[in-house]
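Architecture and fold: a report
In case you want the letters, here they are:
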Amino acid sequence: MRRMNGLLRNSWWPGSLVKRQHQTSGGKQPGEDICQLRKEMDLAAERRKEARATEAAEQEAAMLKTRVHRCIEEREKLLQKSIESGANEQQKETLRSLMGCLLTGIRKRCAESVMAAFCKAKAQAGENKIRKMLKKCAEKCSQGARRSDGMDKMSFELPRNKDKKQPKRNRYAEKLEQCMASEWREVCAARKNLSEEEQAEMVRMHECLCNQVKENCRQMVIKEMCREAGGEHPRKRRSARKSQKKSKKPEAQIAAKATTCPPSPQVEKCVDAQLQSVQSFMKSLSENDGTSVQDISECARIRLRKKCEAEIQQRKAQQEAAQKGTAATVNQELLKKFRECLYKKLGGPHEIQPGRKVTIAGAGAVGMGCAMALLCQGVTNHLALYDVKEDWMAAERLDLLHGSLFVNNPRIEQCTGVAATKDSRVVVVTAGARPTGNETRLDVAQKSADIVKSLMPPLLEHSPRATFVIVSNPSDVMAWVARKVTNLPPERCFSTGCHLDTARFRLFIGQLLGIAPRSVHGFVIGEHGGSSVPLWSTVSVGGVRLQEILPVIGTQQDPMHWSTVHKDVVAAAFKVSAVKGYTNWAIGLTIADVVSAMFEDSNRVLSLATNVQGICGVQEEVFMSIPCLVCAHGIAAIVRPHLSDWEKEQLQKSANILLEAQRGIKM
C-alpha cells in the first residue's frame, strides 16, 4: 500500500481531490482511502471507454457489412449474367441448384477482400501511432530533453539486473514488465513497415520512447490493479462465458461431423458426373488465380450429394415398389391356391333378379312360419303366397295384412295361381307330404317328390332368375329332385339342410356350458335327419376348441357322453311334432337367416345341402349338408372341412343313406 500511495502521490492525481477526501473522511489521513476513490473514478472512466470502444466497434462492423453487401451485389449480378449467357440448359439447371454454393464463394471472397483492406488500414494506423510518438519525442527534444545520439543500434529488450541476489519483485513490477514487453512487441512489428529514416529516428529517440511506453504501462497497470481490488467487471464475465461457448461449439460440430457416415461410392460417382459437367464453366467464372472454384468446390459437393442421394433414394423406392408389386402378384397366386385348398368354388356369377320378392310355395304351417319370420325380421316386405288351396291362401294373406302396421307395411301378392310368383328373387318351396305317426322324413320321400316335380317347372318358368331354397321333407333328397327336374345349377337350387340342426347343436352345448349359442361355434353336416354328423373337431368357445380339452369328445370313449347332445338334436323335431304335429317357427327363422345372407351378399358360411360330389371322399352325386359360402345368387363355394377318422366314417354312412334314398325316387 505504501508503494501504491507513493505512486499515486507522484501521479497526475489532482491535489484538490485528496484534500476533499481528507475533509469528508472525518480526520483520516489523505492516503488511506485514496485507492478506493481512484478505483471508483477509474471504473467510471473504464465504462466510458468501453462504451466508446463498443460504439466504435459497432460502427466498424456496420461499415464492413455495408462494404461486403455492396461487393456481393456487384459480383452476384455478374454471376447471373454469365450463367444466363454462357451455359447450356443442362448446365443452367445444375448451376441453379449450386447457386447457393456460388454465392457462398462470392460472400467469402468479398469478406476476405474487405477485411484485407480493413486490416491494411489498421496496420497503417499502427504506423501512424509510432510516427506520432516520434513527433512527440522530437518536440520534447526541441525543448531541451536529453537525446541518445550515441547509440549504434536500437535494443527493445528490458534492462536486466545482473546481480545474482536480485530482490523479489512485487506484483506491480511484474505487471508493468509484462505490459512494457507487449507494447515493445507491437512497436517492433510496426517498425518493419517504416522507412529507413523513421527507423533511424526511433534509434535516436530510444530513451524518449522508453519513457512514453513506461508511462503508458504504469497508468494501465494501476487501473487494472484497482479494478482487481473490487472484483472482475460483470461485462468481462459475460464476455468470458460467450467466448467459452464459442470455443466449445466448433468441437461439437467436429464431433458431429466425425460421427456421420461417409457417402457411398454410388453417390460420389453421381456427384463427380454432375460436377464435371459444369467444372469448365465454373473455372471460366473464376478470376486470375481461380479462387472462386476453390471456394465453392466443397459446398458444391455437399449440395450435389444431397441431390444425388435424393435421386438414388427415389430410384430405390421405385424399385422396391416394383418388387412389392411382383411380391403382391406372387402372394395373390399363393392366396388363390390357399383358397382352393380351403373351399371349392362353384359356378357363377349368375344373373340376379332385381328386387326382394320372395315366393313361398305352400301355405301350410311351415310356409306361414317362413312368411312370418321374413316379415318380422325385416328381410323383405314383398311376398307372394302360392298354394293349391286358394281360399285358405287368401285367408292367410288377409291375416298377415291385418298386421301391416307392425311389420313395415308389407306387400303380399294375391293368390291368383302360379302367376303371382312372377319375377321372384327367391322361391322357398315348403309344399310336400307331412310325416305321420312313426314315419321319418325318408319314408315320405316319394310323396314329396311327386309334389316337387309338378311344382318346380311352372315356378321356374315365371321366375327364371330366381334362387330356389327347398324346405320340403326330406329336404336333401327334394333338393336333388328339384335340380333334376329343372336342371338348375346346384348353387341356385339347394336346401336348408343342417342349418337348423347346427342351430340346435349350438343351443344345447351353450345350455350345458352356460354360454350364449352365438358364442358357440361348430357345424352339423350330412343328412338333415338321423344320420347327421356333428363335427366335434370344429366346436369352439371363445377360440378354444373343446377337443383340445377332451380329445375323445363325442365318441364312444367319451366319459362325459357329449354324444347325447347330438341325440337331442336328432330327436328335437320329433319331440315338437309329437305334440304339435309339425314344426314351423324354427325352420321359418332358419329360412329368414338364409334369405337374409343372400340379400346382404354376406359370404357367410352356413351348413346347407348341395351337391357334394368330390368333397370329403364322396364320389357320387348326392345332396347333403356341408359348410357353404352364401352370396347374392345362392352358394358361391363349398368349404373343404378337415375331418377326423370318426367324422369321415360317419359322413360316408350318411352319404350312403341319402344316395340310397335318391335312387329310390321314381323320376
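If you're wondering where the values come from, they're calculated on a predicted model, not measured in any experiment.

Taking 1.5 Å per residue as the helical rise, helix α13 (residues 390-401) with its 12 residues ought to reach 16 Å, and the 16 Å between its terminal C-alpha atoms agrees with that figure. When α13 is considered as a whole, its buried residues turn out to be Met393, Glu396, Arg397 and Leu400. Take α13 and look down its axis: the buried residues cluster within an arc of 100°, on one side only. Along α13, exposed side chains directed more than 90 degrees from the buried face belong to Asp391 and Asp399. Looking at the packing, one finds that the buried side of α13 touches α12 (365-376), β3 (382-386) and β4 (411-413).

Right, let's get into the environment of Thr590. Counting through the fold element by element, Thr590 comes out in helix α19 (residues 585-599). Here Thr590 falls in the buried class, since its relative accessible area comes to 7%. Separated by 220 residues in the primary sequence, Thr590 and Cys370 have C-alpha atoms spaced 8.2 Å apart. Among all residues touching Thr590, those that are not within four sequence positions of it are Thr496, His499 and Leu500.

Our focus in this paragraph is the packing of helix α14 (residues 445-462) against helix α15 (residues 475-486). Between α14 and α15, whose axes approach to 9 Å, the crossing angle comes to 40°. The orientation of α14 with respect to α15, classified from their angle, is oblique. Here the hand of the crossing between α14 and α15 comes out right-handed. Here Ala445, Ser448, Ala449, Val452, Lys453, Met456, Pro457 and Leu460 of α14 come into contact with α15, specifically with Met478, Val481, Ala482, Val485 and Thr486. Per-class residue counts for the contact of α14 with α15 are 10 nonpolar, two polar and one charged.

Counting through the fold element by element, Glu491 comes out in the loop between α15 and β7 (493-495). Arg492 is the oppositely charged side chain nearest to the buried, salt-bridge-free Glu491, at an N-O distance of 7.5 Å. Separated by 3.5 Å, the side chain of Glu491 and the backbone nitrogen of Gly347 make a polar contact. In contact with Glu491, other than residues within four places in its own chain, are Leu346, Gly347, Gly348, His350, His633, Gly634 and Ile635.

Quick notes on the rules
- Here, residues in each chain are numbered from 1, in the same order as that chain's written sequence.
- Confidence filtering applies because this is a predicted model: local features only for residues at pLDDT of at least 70, side-chain atom pairs given and counted only at 80 or more, and all residues used for totals across whole chains, interfaces and linings.
- To get the side-chain values, take all heavy atoms of the structure and skip hydrogens and water.
- Runs of E in the DSSP output that reach at least two residues are strands. Runs of H or I that reach at least four are helices, and both are numbered from the N terminus.
- Working rule for helices: expected span equals 1.5 Å times residues minus one.
- Burial classes follow relative accessibility: with a 1.4 Å probe on protein chains only, a residue under 20% of its type's maximum area counts as buried, one over 50% as exposed, and anything between as partly exposed.
- The arc in question is the one traced by the directions running from the helix axis out to the C-beta atoms.
- Should any heavy atoms of two residues lie within 4.5 Å, those residues are considered in contact.
- For helices, the axis comes from a line fit to the C-alpha atoms of the stretch in contact; other axes are also lines fit to C-alpha atoms, and the angle between any two N-to-C directions lies between 0 and 180 degrees.
- Any angle from 65 to 115 degrees is called roughly perpendicular, while one under 35 is roughly parallel, one over 145 is roughly antiparallel, and all others are oblique.
- For a crossing to be left-handed, the near helix must be turned anticlockwise from the far one by less than a right angle; the clockwise case is right-handed.
- Lys, Arg, Asp and Glu make up the charged group, whereas Ala, Val, Leu, Ile, Met, Phe, Trp, Tyr, Cys and Pro make up the nonpolar group; the residues left over, Gly among them, are polar.
- His is not counted, nor are the chain ends; Lys and Arg add positive charge and Asp and Glu add negative charge.
- For this document, the term salt bridge refers to a Lys or Arg side-chain nitrogen within 4 Å of an Asp or Glu carboxyl oxygen.
- Any pair of nitrogen or oxygen atoms within 3.5 Å is treated as a polar contact; in protein, a donor-acceptor pairing is required on top of that, and neighbouring residues in sequence qualify only through side-chain atoms on both sides.

By themselves these figures say nothing about function.
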